[in-house]
Amino acid sequence: MGQYIIEGCNRLGGTVKTQGAKNSALPILAATVAVGKPCVIHNCPQLSDIDSTIRILRCLGCKVQRADEMVFVDAGNLSQRKISDVLMREMRSSIIFLGALLSATGEAVISAPGGCDIGLRPIDIHLTSMRKLGVHISESHGEIRCTCRRIKGGKIVLPFPSVGATENIILASVKSGTVTTIINAAREPEIVDLAMFLNSCGARISGAGESTVVIEGVERFNSSQYAIMPDRIVACTYMAAAAVTGSTVVVDEVIPSHITPVFSAFEQAGCRIETSGKQLRITSPERLKAFERIQTMPYPGFPTDCQAIMMAVASVSKGITIISENIFENRFKHIGELRRMGADIKAQDKIAVVNGVEHLQGAFVNSTDLRAGAALVVAGLCAEGTTTVEKISYIDRGYAAFAENLSAIGAVIRRKDNL
Ligand code: EPZ
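Owing to the predicted nature of the structure, the values given are computational and were not obtained by experimental measurement.

A. Quick look at the sheet that holds strand S10 (residues 179–183). What the four strands build is an open sheet, ordered S9-S10-S12-S11; its pairing is mixed. Looking at strand neighbours, the two that pair on one side only are strand S9 (154–157) and strand S11 (204–206), the edges of this open sheet. Going across the sheet, the axis of each strand differs from the next one's by a mean of 15°, ignoring polarity. Relative to S10, S9 runs parallel, the two sharing four bridges. Within S10, the residue paired with Gly154 across the bridge is Thr180.

B. Main features of the sheet that holds strand S3 (residues 39–42). The four strands lie next to each other as S4-S5-S3-S13, forming an open sheet whose pairing is mixed. Looking at strand neighbours, the two that pair on one side only are strand S4 (63–67) and strand S13 (224–227), the edges of this open sheet. Pairs of neighbouring strands in the sheet enclose a mean axial angle of 15°, with direction left out of account. In this structure, S3 lies alongside S13, joined through four bridges in parallel fashion. Bridge pairing in S13 links Ile41 to Tyr226. Where helix H1 (residues 22–35) meets the sheet, its contacts fall on S3, strand S5 (70–74) and S13, and the angle it forms with S3 comes to roughly 170°. Relative to S4, helix H2 (residues 48–59) is tilted by about 150°, and along the sheet it contacts S4 and S5.

C. The arrangement of the packing of aromatic side chains in detail. A complete count under the given rule lists four aromatic pairs for this structure. With a centroid separation of 6.2 Å and 70° between ring planes, the pair formed by Tyr4 and Phe402 is classed as edge-to-face. Here the residue Tyr4 occupies a position in strand S1 (residues 3–7), and Phe402 occupies one in helix H14 (residues 402–408), the gap between them amounting to 398 residues. The same class applies to Tyr4 and to Phe402, which are both buried. Both rings, one in Phe197 and one in Tyr226, keep their centres 5.8 Å apart while their planes meet at 70°; by these two values the pair is edge-to-face. Remark: Tyr226 occurs in strand S13 and Phe197 occurs in helix H7 (residues 189–200); sequence separation between them is 29 residues. Exposure class is identical for Phe197 and Tyr226. Each is buried.

D. How the structure looks around the pattern of salt bridges. One pass over the structure, following the stated rule, counts 23 salt bridges. Measuring nitrogen to oxygen at the nearest pair gives 3.6 Å for the salt bridge that ties Glu216 to Arg204. One end of the pair, Glu216, is in strand S12 (residues 212–216); the other, Arg204, is in strand S11, and 12 residues separate them in sequence. The class of Arg204 is partly exposed, set by a relative accessible area of 47%. Residues Arg415 and Asp417 are paired through a salt bridge, measuring 3.0 Å at the closest nitrogen-oxygen approach.

Calculation criteria
- Residues numbered from 1 in each chain as written.
- Predicted model: local features only at pLDDT ≥ 70, side-chain atom pairs only at ≥ 80, totals over all residues.
- Heavy atoms only, no water.
- Pairing = 2+ DSSP bridges.
- Helix = DSSP H or I, 4+ residues; strand = E, 2+ residues; numbered from the N terminus.
- Axes fitted to C-alpha atoms, helices over the stretch in contact; angles between N-to-C directions.
- Contact = heavy atoms within 4.5 Å.
- Phe/Tyr/Trp six-rings, centres within 6.5 Å; stacked < 30°, edge-to-face > 60°.
- Buried < 20%, exposed > 50% of the residue type's maximum accessible area, 1.4 Å probe, protein only.
- Salt bridge = Lys/Arg side-chain N within 4 Å of Asp/Glu carboxyl O.

So, to be careful, I would describe these as geometric facts and stop short of saying anything about function.
Encoded structure:
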């Protein structure tokens, strides 16, 4: 499972480049199955979740080649419509192959997806939406068999702006020859990236990034080359690393408009943020001030994926910060690990109250999920002494070259893999 070993309280400095967005790359790679023509995806981060996606593509019969951040996919000759339970369980976004397979073949045999244990993470909105599109779904012995001669289109009102369900509806209806309208769609930038990729292949999707998305299904697609947008959550993570170490760091490859919900928290904490094009400079004070209140919401609200990371920042910010996690019902597992480091945090239900301490202490801590692991690394950077973060395979799901990038800006961090 591997460890990160961190010597805390080192000033950082210099420039760190953000990777391509994991939560864009995963649905876009799945979307190549619906496109069915050779596609080249650039700026694709080297992550274990991307490896899992490539395994699924190959099991479906796609030709896939990879060179660093470039992935070539040709899904022109699918040989499978079933994804094994083992592969489905490797990550949450395996569920996005449902819509893509239905578009490509009219059939998909899947099971419940895996993903970080941050809640029950049901797929009821996905399946209800597919049924509204005319998909016949039967479930038995854990297998979910989906068939559809022709997607019927129409209006789908989502009970919650689910990112994955929005992506699945887009992928299922993109090739249908009818018009599908999603009401209360997720507005995350990753939805926009997916729509832009599909439109670059000849799809006709409008309104992505807004609450109403209209998909005019087309009969055929063309090949495309597409570059994944920068990862907004990873960008916030590097900003947090600078903030907790009183550092000035330039984060390169950022789209500032994607992370404005987090800017105000950093600015309330006393950081100065200057942006220029795709670069951002964060200048941090010696001691951060509490940023009072964070409430995770669907985009453009405060991103749930930054909650753990900003709790690590709040742990050393003078004063009281109240954090409410409104998206997932079990996304506070990092609190126990932060408390091992001396953090003063109390939690009940979906509310956590953080009383910032002067210094955290280095300790042995466990990553409980992807973003919790990243939060513990951030905490280790400002803790007195040595912090050993265990189970870093969680972090590998979403952070490419994490230790290398942090070391390059002055962090004392090394990776130790258990052979
Ligand atoms: C995506 O997950 C992201 N993952 C998550 O990032 C992110 O936290 C989440 O969106 C919210 O922004 C990927 O894109 C691969 P949802 P997703 O459907 O699609 C409930 C990370 O760290 N729900 O918007 O699974 C669900 O349980 C990961 O990179 C249902 O009840 O999120 C949750 O409470 C973690 N039924 C809420 O909606 C459904 O059918 C939001 O889920 C679907 C979702």
